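If you want the building blocks of each chain, they are given just below.
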Amino acid sequence: MLRSRIIPCLLISDGALVKTQNFDFPKYVGDPINAVKIFNEKGADELMVLDISATRKSLRPNFNLIEKLAAECRMPLCYGGGVNSAEHASQLVDMGVEKVAVSSAVIKNPKLINEMVSEVGRQSVVVVLDFNKKKNFSSNEYELSSHNGKKSYKEDPFIFLKKCQEAGAGEIVINSVNQDGLMQGYDLNLALKVKMISKIPITFLGGAGSLQDIEKLIEKFGIMGAAAGSLFVFKGKYRAVLINYPTLKEKKDICSKALIVYKNNLMSSST
């Protein structure tokens, strides 16, 4: 049975756990293995780990670190960073990674999705799409980007999302580069546009600053993944480093209450 998931997203740079704003100014926040241990104890639904230095430096996945993360992780683990072949995906799944995330490699070669699906199965293939909000635009408000938002593409990001679905991706992660690390809430306008064309599970990442932001996302769009970075590694207005996650009761209350609101809104709009 599908349900909403609340997903901590850990950013790795050169083997260290960091947090960024708009994918710039990486701040060291600790050891990724220790963070995994804490999220184990707190019962996180799932864990997403993205190596933001791998693609930038044209490196392959850090298999040594990933093997340690997968061995420690007691929840479903999604890993992305440096993955550019079906062989990489197969190796990661053999290590215990449930979902393999790809981004820039798929933009260069969309056929990679089908190759990965053939190798590890659709349920293990996740495409991460970085959406950048244009400062000046005449038609499309968003552009497709990669390399931590530094490289832009002319292709319409929503059309490319459809292509990823048709190619067999099991899940799409929509990463709002403009919202990264700001903790000012998800880009609900972007979420609406994506939800209207999405036919597969979607996870949103970028901007969550409170549990209320997650609740609002589910209230408006129903069952989906709500991922966050800063929310789960910082505490308080001064952003003191503290790994945190909602309790089981808080998580159930957020998801169940928000889903009730969503269903009520659907019923009201249909009458």
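The rules we used
Residues numbered from 1 in each chain as written. Predicted model: local features only at pLDDT ≥ 70, side-chain atom pairs only at ≥ 80, totals over all residues. Heavy atoms only, no water. Helix = DSSP H or I, 4+ residues; strand = E, 2+ residues; numbered from the N terminus. Buried < 20%, exposed > 50% of the residue type's maximum accessible area, 1.4 Å probe, protein only. Arc of directions from axis to C-beta. Contact = heavy atoms within 4.5 Å. Polar contact = N/O pair within 3.5 Å; in protein donor to acceptor, adjacent residues only side chain to side chain. Salt bridge = Lys/Arg side-chain N within 4 Å of Asp/Glu carboxyl O. Core = buried A, V, L, I, M, F, W, Y, C linked by side-chain atoms within 4.5 Å. Pairing = 2+ DSSP bridges. Right-handed = clockwise from strand over helix to strand, strands pointing away. Patch = residues over 30% accessible without salt bridge, like charges linked within 9 Å, V, L, I, M, F, W, Y side chains within 5 Å. Areas by Shrake-Rupley, 256 points an atom, 1.4 Å probe, with all protein chains shown as cover. Lys, Arg positive; Asp, Glu negative; His and termini not counted. Charge placed at Lys NZ, Arg CZ, Asp CG, Glu CD.

## Thoughts on the side chain of Asn132
Stage number 1. Within the secondary structure layout, Asn132 lies in strand S7 (residues 125–133).
Stage number 2. With relative accessibility at 10%, the residue Asn132 sits in the buried group.

## A few points about unusual backbone geometry
Stage number 1. With a phi close to 55 degrees, Asp14 is a non-glycine residue in the positive phi region.
Stage number 2. Turning to its location among the elements, Asp14 is positioned in the loop between strand S1 (5–13) and strand S2 (16–21).

## Observations concerning helix H7 (residues 188–197)
Stage number 1. Regarding H7, the residues found buried are Leu190, Ala191, Val194 and Ile197. For H7, the buried positions fall inside an angular range of 135 degrees around the axis, keeping them on one side.
Stage number 2. Residues of H7 that are buried in the fold lie against S7, strand S8 (142–146), helix H6 (157–167), strand S10 (171–176), strand S11 (202–205) and helix H8 (211–221).
Stage number 3. The N-capping residue of H7, defined by a side-chain oxygen 3.2 Å from the backbone nitrogen of Asn189, is Asp187.

## Structural notes on the pattern of salt bridges
Stage number 1. Taken as a whole and judged by the stated rule, the model has eleven salt bridges.
Stage number 2. For Asp180, the salt bridge is made with Lys19, and the minimal N-O distance between the two is 3.1 Å. Pair noted here: Asp180 is in the loop between S10 and H7 and Lys19 is in strand S2, with a separation of 161 residues, a long-range link.
Stage number 3. By relative accessible area, Asp180 is classed as buried at 6%.
Stage number 4. For the salt bridge of Glu155 with Lys163, the shortest nitrogen-to-oxygen distance reads 2.7 Å.
Stage number 5. With a relative accessible area of 28%, Glu155 lands in the partly exposed category.
Stage number 6. Its relative accessible area of 41% is what places Lys163 among the partly exposed residues.
Stage number 7. One network of salt bridges, in which partners are shared, links Arg5, Glu46, Lys99 and Glu171.

## Quick look at the nonpolar core
Stage number 1. If you look at the biggest cluster of nonpolar residues, it comprises 74 residues, and the most contacted ones within it are Leu129, Ile172 and Ile174.
Stage number 2. With five residues, helix H2 (residues 63–72) is the single largest residue contributor to this core.
Stage number 3. For Ile174, the contacting residues outside a window of four places in its chain are Leu129, Phe131, Leu161, Leu190, Val194, Ile202, Thr203, Phe204 and Leu205.
Stage number 4. By size, the runner-up hydrophobic cluster in this structure holds 16 residues, among which are Cys9, Val18, Val126 and Leu205.

## Brief notes about the pairing of strand S6 (residues 99–102)
Stage number 1. Alternating residues of S6 divide into Lys99 and Ala101 and Val100 and Val102, and every residue in both groups is buried.
Stage number 2. By the bridge criterion, three bridges tie strand S5 (residues 77–80) to S6 in an arrangement that is parallel. Its bridge partner lying in S6, Tyr79 is registered against Val100.
Stage number 3. Where the polypeptide runs from S5 across helix H3 (residues 86–95) and back to S6, its parallel neighbour, the crossover connection is right-handed.
Stage number 4. Here S6 pairs with S7 via three bridges, running parallel. Note on S7: the bridge partner recorded for Ala101 is Val126.

## Brief notes about a negative patch on the surface
Stage number 1. A grouping of Glu87, Asp94, Glu115 and Glu119 is seen on the molecular surface, where their side chains present a negatively charged patch.
Stage number 2. Contributions of two or more residues to the negative patch are made by H3 and helix H5 (111–120).
Stage number 3. Tracing the backbone shows Glu87 in helix H3.
Stage number 4. On the accessibility criterion, Glu87 (56% relative accessible area) is exposed.

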